[in-house]
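Observations on chain architecture
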Amino acid sequence: MNDPNTLFERLTAALPLSPKILIPAVLLLTGINMSFYTIPAESEGVVLRFGKYIDKVPSGLHAKLPFGIDEIIEVPTQRQQKLEFGFATSGFTNPDQSGTDPALEKSMVTGDLNAALVEWIVQYRITDPEKYLFDVRDPGITLRDLSEAVMREVVGDRTVDEIITIGRQEIEDSVLIRTRELAGRYLLGVTINQVQLKNVNPPVPVQPSFNEVNRAQQDRENVINIANGEYNKAVPRARGEADQKIRAAEGYRFKRINEAEGDAYAFTQVLEQYVKAPDVTRARIYLETLGEVLPQARQQIIVDDTVQQIMPMLPLTNKMLEAAP
């Protein structure tokens, strides 16, 4: 915007006009120059007329009433902003991004009465410029205080081991839900997009002891995993062998049952035939038995005790001679 004094001096030097004409001309040019403004990308403009909210306008070129009648406040509604707790990065443009005492912010007490150093980030975006500017005094500071209070509440309900190891994701989710709820209740006009834990450590004086405890826990978990691995190898193998033996025993049982049932059925059939014709059946059984037994017997000599004469000499085989005493 051009300086009115500079414009007045230029017009005075260029135009030999009287003050009655020069002053209104300068005011007219100044008013025209002050009647246009530009809202940058990723922002919206809140229009105030004599300090009262009138409207909000998108990015681009717009017109307004000059000479302080309309005031324009630029609000970065499309920009992702963040708050840092317990640490501060350089080069930030958001005045509320970093706290005044990061060391005090990150010092917390856990639910098991241990101390912890917690660093985290809250990412948010301004979605309602009117509420953000007029419903809450210092909305950025209010959001910082609200986020810190919620984080201390959630950390105070958990042990130090949960915070440092397995409970990080649960803490982030709990803080995000609770912060969104309070931001809506306090009409901050912002949307909380993410809560991210950065570094979570025990206090510096106890870090060596804490590291030793962590190493011991890791060794314990390693031994348990090795034991579980051996268990998972031995138990299935033993179960497989036991199942194999059980199946073999069941097969043998079915075999013996089937054989017994077959023998019983065969005996029943023979009995039925014996009842019908005892003599014939007895002779048949006798002959069948001899047919099974005699091929398995060694050479036999049968002598009839009623013979009175000298028997002819029997031919003896080599095996019989060798067996003779």
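What this report covers is the structure whose coordinates are included nearby. (Residues numbered from 1 in each chain as written. Predicted model: local features only at pLDDT ≥ 70, side-chain atom pairs only at ≥ 80, totals over all residues. Heavy atoms only, no water.)

**Some remarks on the pattern of salt bridges**
- Applying the stated rule across the entire model yields 16 salt bridges.
- In this structure, the salt-bridge partner of Arg49 is Asp70, at a minimum N-O distance of 2.8 Å. Placement of the pair is Arg49 in strand E2 (residues 44-49) and Asp70 in strand E5 (residues 70-75), with a sequence separation of 21 residues.
- Judged by relative accessible area, Arg49 falls into the partly exposed class, the value being 33%.
- One salt bridge connects Arg220 with Glu221, and the closest N-O pair in it is separated by 3.3 Å.
- A single network of salt bridges, built from pairs that share partners, joins Arg178, Glu181 and Arg185. (Salt bridge = Lys/Arg side-chain N within 4 Å of Asp/Glu carboxyl O. Helix = DSSP H or I, 4+ residues; strand = E, 2+ residues; numbered from the N terminus. Buried < 20%, exposed > 50% of the residue type's maximum accessible area, 1.4 Å probe, protein only.)

**Section: the packing of aromatic side chains**
- Evaluation of the coordinates by the stated rule reveals two aromatic pairs.
- Of note, Arg144 hangs over the ring of Phe85, and the distance from its end group to the ring centre comes to 4.3 Å. (Phe/Tyr/Trp six-rings, centres within 6.5 Å; stacked < 30°, edge-to-face > 60°. Lys NZ or Arg CZ within 6 Å of the ring centre and 35° of its normal.)

**Considerations on the packing of helix H5 (residues 139-155) against helix H7 (residues 168-185)**
- Taken N-terminus to C-terminus, the directions of H5 and H7 make an angle of 140 degrees; their axes are 9 Å apart at the nearest point. As summarised for this structure, H5 and H7 are arranged oblique, according to the angle between their axes. In the crossing of H5 with H7, the sense of the turn from one axis to the other is right-handed. Here H5 contributes Leu146, Ser147, Val150, Met151, Glu153 and Val154 to the contact with H7, which in turn contributes Ile171, Ser174, Val175, Arg178, Thr179, Leu182 and Ala183.
- Grouping the constituent residues of the contact of H5 with H7 by class yields eight nonpolar, three polar and two charged. (Axes fitted to C-alpha atoms, helices over the stretch in contact; angles between N-to-C directions. Parallel < 35°, antiparallel > 145°, perpendicular 65-115°, else oblique. Left-handed = near helix turned anticlockwise from the far one by under 90°. Contact = heavy atoms within 4.5 Å. Nonpolar A, V, L, I, M, F, W, Y, C, P; charged D, E, K, R; others polar.)

**A word on the side chain of Ser147**
- As for its position among the elements, Ser147 is in helix H5.
- Judged by its relative accessible area of 0%, Ser147 falls in the buried class.
- Ignoring any residue separated from it by four or fewer positions in sequence, one finds Ser147 in contact with Phe85, Trp120, Val122 and Thr179.

**Digging into the sheet that holds E5**
- Strands sit in the order E3-E2-E5 across an open sheet of three strands; the sheet is antiparallel. Whereas interior strands pair on both sides, the edge strands pair on one side only; in this sheet they are strand E3 (52-57) and E5. For this sheet, the mean inter-axis angle between neighbouring strands, taken without regard to orientation, is 25 degrees.
- Sheet analysis places E2 next to E5, joined by six bridges and oriented antiparallel. Looking at E5, one finds that Arg49 is bridged to Asp70. (Pairing = 2+ DSSP bridges.)

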